[in-house]
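Chain by chain, the residues:
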Amino acid sequence: MSSIKKITKNLEKKYWFYTALCPLVMIGEVVFETVIPFLMAFIIDNGIAARDMQYVLRIGACMILCSVLSMCCGAFGARFGAVASQGFSHNLRRMLFSKVQEFSFSNVDHFSTASLVTRLTTDVNNVQNVYQLVIRICFRAPFMLTAGTVMAFFLNAKLAFVFCISIPVLAVIIAFISIKAYSRFAVMLEKKNTTG
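What counts, and at which threshold
Residues numbered from 1 in each chain as written. Predicted model: local features only at pLDDT ≥ 70, side-chain atom pairs only at ≥ 80, totals over all residues. Heavy atoms only, no water. Helix = DSSP H or I, 4+ residues; strand = E, 2+ residues; numbered from the N terminus. Buried < 20%, exposed > 50% of the residue type's maximum accessible area, 1.4 Å probe, protein only. Contact = heavy atoms within 4.5 Å. Areas by Shrake-Rupley, 256 points an atom, 1.4 Å probe, with all protein chains shown as cover. Phe/Tyr/Trp six-rings, centres within 6.5 Å; stacked < 30°, edge-to-face > 60°.

Q: I'm lost on the overall build of the chain in this one. Help?
A: When helices and strands are tallied, the chain shows six helices and zero strands. Listing every helix and strand of the chain by position from the N terminus yields α-α-α-α-α-α. Among the 196 residues that make up the chain, the fraction classed as buried is 27%. Counting only contacts in the chain whose residues sit at least 6 apart along the sequence, the fraction spanning at least 24 positions is 79%. Accessible area for the chain stands at about 13500 Å²; split by element, carbon and sulfur atoms hold 72% of it.

Okay, structure coming up:
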């Protein structure tokens, strides 16, 4: 946790601004996405059943508006996430480069020039991608789960109980895969560090 604070403490204010905006627009995208099926249910139950074409057109226009707003939120989320992660990687690469500049010749020989270049390029790019995933997916996915579950219970409570069974099963499977993958990744990284 202290290392994360150390990396982000020098992050420029504009990148913090983009970092804060990205989850907000992602939540907006989720809201509009979950409203669209709800409006479709209105069209079927109230418009088509009653043969009210004006109602169908009116709600259909609302669906189009929601889809356009959802698309805009998604585009802005991608833009904000890219700018924020780029700023984060810029900050991290600058700190790493400054640290490498302080190395003695023996340290440079120990780590090797190729290894240091890899740390400053590929590894920083991987951290940048993770940062972008965190500020986008880690906010969008839980909110999508919550909003989708609430909407499903609102439309049909009996059918929505399937979520109560499937979600814990999926959570256990994903946790099991993540634990196994992390342990294998740690072993691979250890071998890479000892050989390279």
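Here the narrative resumes.
Q: What is the right way to read the packing of aromatic side chains from this model?
A: Aromatic ring pairs are reported here in terms of the distance separating the ring centres and the angle at which the planes meet. According to the stated counting rule, one finds seven aromatic pairs in the structure shown. Between Phe76 and Phe80, the ring centres sit 5.8 Å apart and the planes meet at 25°, which makes this aromatic pair stacked. Linking Phe76 with Phe80, this pair stays in helix α3 (residues 53-101), spanning four residues, or about one helical turn. Since its relative accessible area comes to 47%, Phe76 is described here as partly exposed. Taken together, a centroid distance of 5.4 Å and an interplanar angle of 85° make the contact between Phe153 and Phe161 edge-to-face. When its relative accessible area of 28% is taken as the criterion, Phe153 is described as partly exposed. Aromatic ring contacts, followed pair by pair, group Phe17, Tyr18, Phe76 and Phe80 into a single cluster.

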